[in-house]
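Survey of secondary and tertiary structure
Listed below are the residues making up each chain.
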Amino acid sequence: MKRLLPALTRSFLRPPLFFMAPALLLAGCGSMFGSSAPPPACPDARVVANLERMTQYRPGEGRDLTDVLFEARIGDLAGACGYDDKSLEVGIIVPIQIARGPANQERVARLEYFVAIQNPEGTVIAKRSFPVEVAFERNQSRALFTDELEQRIPLTDLNQGPAYRILLGFQLSEDQVQDNIRRRQR
């Protein structure tokens with residue numbers, strides 16, 4: 001049997017699910033679970049340790065402050081979820097804070113982050129990367145990029161919804177991961 005994988009989509013033109021979901025999606029759950037039973041909780045969404053920040057250096061061997069193109073950090077996630085009779089829909093707001101480094105003469109930061117869905121057994125059932133390009137305006141050295149994502153997770157048992165996990169992080173090289181680990185140990 002072919003299993004449908006959840007769709008990971010970016011929303012740009014629709015009203016944010018984060019604001020609509022509590023009122024619209026959760027309102028319909030009462031009838032599915034009985035009038036007195038609350039709907040299941042939302043799954044855990046988190047940024048993976050050591051993948052929450054990145055420093056991008058200019059090409060070459062230099063790794064001091066003057067070689068930094070930009071630094072980025074995924075901020076605190078916000079979101080909501082709702083259930084229908086066959087699936088769980090999760091909306092997540094992903095804030096990324098970016099600081100331009102002295103080596104960034106182009107005034108642009110290009111990075112990539114991922115979102116993965118892990119089932120209750122711990123298996124990643126879907127993963128998608130999202131490229132981000134942020135241009136720094138004149139005299140601007142910091143920027144905030146905010147992305148809105150929606151995930152629909154088909155479920156055979158709605159009570160399994162809270163056992164799923166949504167994992168986020170930057171797509172990093174092994175050197176960047178090791179750099180983050182060293183910073184954490186200081």
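Here is a short report on the structure shown in this document. (Residues numbered from 1 in each chain as written. Predicted model: local features only at pLDDT ≥ 70, side-chain atom pairs only at ≥ 80, totals over all residues. Heavy atoms only, no water.)

What follows concerns the overall build of the protein chain. Each helix and strand counted, the protein chain has three helices and 10 strands in total. Walking the protein chain from its N terminus toward its C terminus, one meets helices and strands in the order β-α-α-β-β-β-β-β-β-β-β-β-α. Out of the 186 residues belonging to the protein chain, those deemed buried represent 41%. In the form shown here, the protein chain has an accessible surface area of approximately 10800 Å², with 52% of it arising from carbon and sulfur atoms. (Helix = DSSP H or I, 4+ residues; strand = E, 2+ residues; numbered from the N terminus. Buried < 20%, exposed > 50% of the residue type's maximum accessible area, 1.4 Å probe, protein only. Areas by Shrake-Rupley, 256 points an atom, 1.4 Å probe, with all protein chains shown as cover.)

Turning our eyes to something else, we now look at the packing of aromatic side chains. Inspection of every chain in the model, using the stated rule, returns one aromatic pair. Between Lys 127 and the ring centre of Phe 114, over which it is positioned, the NZ or CZ distance is 4.6 Å. (Phe/Tyr/Trp six-rings, centres within 6.5 Å; stacked < 30°, edge-to-face > 60°. Lys NZ or Arg CZ within 6 Å of the ring centre and 35° of its normal.)

The next point concerns the side chain of Ser 87. In this fold, Ser 87 is placed in strand E6 (residues 87-100). Looking at Ser 87, the relative accessible area reads 6%, which means it is buried. A distance of 2.5 Å separates the side chain of Ser 87 from the side chain of Arg 152, its partner in a polar contact. Not counting chain neighbours up to four residues away, the residues in contact with Ser 87 comprise Gly 82, Arg 152, Ile 153, Pro 154, Leu 155 and Leu 158. (Polar contact = N/O pair within 3.5 Å; in protein donor to acceptor, adjacent residues only side chain to side chain. Contact = heavy atoms within 4.5 Å.)

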